[in-house]
Amino acid sequence: MRILPYGEKAILLEFEQQISTAVSQQVQRWKQAILNAKITNLSHTIPAYASLVLVFDRPIKEVQITIDKIRALEVQAIQQGAVVTPKRRLKIPVCYELPYALDQSELVQNKQLPWEEIVAAHIGNIYRVYMLGFSPGFAFMGTIPVILEIKRKTSPRLKVPAGSVGIAGQQTGIYPDEIPGGWQIIGRTPIPIFAPLRENPFLFQAGDQVQFQAISPTQFLAIQAELEQQTFNWAQLYE
Amino acid sequence: MSKSLTINIIRTGLQTTIQDLGRPKYQSSGIPLGGALDRKAAIQSNYLVDNPLDAPVLEITLLGPKLQFSESCQIALSGADLSARLNGQELSRYATISVEAGDHLSFGKAQIGCRAYLAIRGNWAIQKWLGSASMATQHTENLTPDSLLSTGKTIQISIPKNIPPRQLKAQHFSYLTDTSALKVLPGPEFLAFDRKTIARFFAQTYRLGTASNRMGCRLEPSLEAYSWPRENISSGIVPGTVQMTNKGQAIVLLADAQTIGGYPRIVNLTEESLQRIAQLRPGAELRFSLIDYE
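Residues numbered from 1 in each chain as written. Chains lettered and ligands numbered in written order. Predicted model: local features only at pLDDT ≥ 70, side-chain atom pairs only at ≥ 80, totals over all residues. Heavy atoms only, no water.

A. Focus on the overall build of chain B. Along the backbone of chain B there are 4 helices and 22 strands. Against the 2.2 N^0.38 benchmark of 19 Å for 294 residues, chain B shows a C-alpha radius of gyration of 20 Å, consistent with a compact globule. Along the longest, intermediate and shortest principal axes, the C-alpha atoms of chain B span 65 × 35 × 35 Å. Out of the 294 residues in chain B, the part that is buried amounts to 59%. Total accessible area on chain B stands at roughly 11,800 Å², and carbon and sulfur atoms take up 49% of it. (Helix = DSSP H or I, 4+ residues; strand = E, 2+ residues; numbered from the N terminus. Rg over C-alpha atoms; globule rule 2.2 N^0.38 Å. Buried < 20%, exposed > 50% of the residue type's maximum accessible area, 1.4 Å probe, protein only. Areas by Shrake-Rupley, 256 points an atom, 1.4 Å probe, with all protein chains shown as cover.)

Structure follows, in structure tokens:
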């Protein structure tokens with residue numbers, strides 16, 4: 001595990017670079033040990049799959065001293081019992097057809113597979129939500145079947161339509177809003193992922209299990225209409 | 001006893017938003033820090049009117065608005081020189097200014113810098129989200145409806161007693177005319193870049209691309225024949241992080257940027273460099289120079 005300075009006001013802890021439950025739990029344990037240690041001027045943390053950023057409220061003087069203090073918390077981190085337990089399973093409807101599958105040709109070309117097989121691989125897997133980040137409510141999910149792994153786009157889009165389902169590397173996720181992004185877009189869901197005025201604004205939480213279901217463009221529009229008229233049955237998303 | 005001031009927005013300008021020092025503790029939910037891009041200038045403008053240093057201010061970008069004040073009050077301008085005028089008369093920055101009821105504030109040509117900050121002494125009646133008045137980047141109309149200004153909108157401020165005027169000397173804003181290379185620190189993936197790429201990155205004179213905004217500065221040109229062998233696992237982003245996209249384009253991430261990213265992080269701007277880049281106009285030239293951690 002390496003600990004390094006990250007700009008003048010942050011420190012990065014980097015664990016084994018893989019998307020796995022074991023590493024995810026390590027991140028959570030270190031986060032808890034650090035919060036318990038009440039390090040001076042620490043403002044907040046940004047946990048990710050395999051890393052933890054510590055953000056301070058002012059520039060860190062003599063950063064190596066702080067890094068040494070953090071490394072000395074290893075025993076406490078190991079002793080933390082924090083575990084990310086599976087919470088709920090959600091079924092998310094996704095239309096994998098045009099005009100929603102924005103990167104269909106790039107995916108077909110790169111994978112040298114028919115589109116039906118690419119879609120089947122995406123929906124045939126149960127994903128774990130590892131963390132929220134990047135944008136409010138954006139849930140990072142893993143792990144993609146190996147045959148679907150693909151690099152980010154060489155040039156990120158300035159605007160990815162809200163609800164777009166993307167893949168990059170071993171990850172998959174859903175864009176909650178129209179924002180810039182570099183993931184390969186395989187389809188789109190009509191379900192709003194982040195609704196800040198909803199009682200619980202975030203559809204996903206770390207630890208959720210997610211499975212995708214293919215729907216037609218007609219079904220996509222029907223669900224959108226139900227959402228607008230507030231007749232959509234949200235219970236159907238949960239098992 | 002305090003009186004109530006109404007600011008009328010007669011003309012919006014290019015991008016006039018309300019910012020404070022952001023909402024720092026929500027990044028683990030994917031909510032960007034937000035807040036003034038030139039934090040030092042925002043703090044200085046609040047100091048000049050004796051508001052709390054994290055009080056809301058107007059962040060005025062390039063083409064300024066036209067405002068009218070319903071009551072007398074005290075204001076201060078900091079950051080960029082956008083040719084501010086009070087009732088047509090040239091107005092000083094970095095000093096407490098007394099405004100009379102009915103006065104107009106307007107702006108002209110951008111002379112120095114990109115973003116000006118206007119502090120108005122008093123308590124701003126602004127709807128906050130997660131403890132901050134800074135304009136939310138998404139669902140703005142629902143979350144921070146008061147913070148994106150448009151013609152016809154008003155701002156209500158409750159005005160306390162005046163303070164003796166204050167001033168800040170030129171040394172406090174000399175960074176606005178500094179054209180030296182921006183100091184940067186090695187980013188988390190710095191050592192994973194090959195030496196040629198590092199050399200080219202620092203040799204290059206960049207221009208601020210026109211697609212730059214509060215989320216990030218896209219620098220031009222991209223590095224030619226650039227390749228990155230691996231797919232990074234997404235990791236936390238702090239303002240000032242410089243990502244290199246797969247096409248070799250450097251993007252300097254700012255306060256409204258995403259909280260997690262997967263492109264390699266080549267360098268991080270120092271706090272001083274962040275202030276300076278917040279004041280660069282699209283098309284401006286910049287270079288980087290590497291310093292190390294203490």
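B. Main features of the environment of G181 of chain A. Here G181 of chain A shows up in strand β11 (residues 179-181). Discounting chain neighbours no more than four positions away, the residues touching G181 of chain A are F134, P156, R157, V160 and Y175 of chain A. (Contact = heavy atoms within 4.5 Å.)

C. Examining the nonpolar core more closely. If you look at the biggest cluster of nonpolar residues, it comprises 51 residues, and the most contacted ones within it are I11, L13, W30, I34, L54 and I70 of chain A. Every element with two or more residues in this core is listed here: β1 (2-5), β2 (10-14), α1 (21-37), β3 (42-47), β4 (51-56), α2 (63-71) and β6 (127-132) of chain A together with β18 (250-253) of chain B. Among residues more than four places away in sequence, those in contact with I34 of chain A are L13, I39, L42, L52, L54, I70 and L73 of chain A. (Core = buried A, V, L, I, M, F, W, Y, C linked by side-chain atoms within 4.5 Å.)

D. Just the pattern of salt bridges, in detail. Applying the stated criterion across every chain, the model contains 16 salt bridges over all chains. Residues E106 of chain A and K153 of chain A are paired through a salt bridge, measuring 3.0 Å at the closest nitrogen-oxygen approach. Taken as a pair, E106 of chain A in helix α4 (residues 104-111) and K153 of chain A in the loop between β7 (139-142) and β8 (157-160) lie far apart in primary sequence, 47 residues in all. On the basis of relative accessible area, K153 of chain A is assigned to the buried category, the value being 10%. Among the ionic pairs, D256 of chain B bridges to R214 of chain B, the shortest N-O distance being 2.8 Å. Of this pair, D256 of chain B sits in the loop between β18 and β19 (260-261) while R214 of chain B sits in the loop between β14 (206-208) and β15 (216-220), and the two are 42 residues apart along the sequence. Residue R214 of chain B is classed as buried on the basis of its relative accessible area, which comes to 4%. Ionic contacts of the salt-bridge type, sharing partners, join the residues R2 and E14 of chain A together with E189 and R265 of chain B into one network. (Salt bridge = Lys/Arg side-chain N within 4 Å of Asp/Glu carboxyl O.)

E. Quick look at the interface of chain B and chain A. On the chain A side, the residues contacting the 43 residues of chain B number 54 residues. Together, the buried faces of chain B and chain A total about 4,000 Å²; carbon and sulfur atoms form 58% of this surface. For R265 of chain B, the salt bridge identified is with E14 of chain A, shortest N-O distance 3.9 Å. Counting across the interface, chain B meets chain A through 18 residue pairs in polar contact (both at pLDDT 80 or more). Taken together, the elements giving at least two residues each to the side of chain B that touches chain A come down to α2 (140-143), β16 (235-236) and β20 (265-269) of chain B. (Buried area = accessible area lost by both parts, 1.4 Å probe. Polar contact = N/O pair within 3.5 Å; in protein donor to acceptor, adjacent residues only side chain to side chain.)

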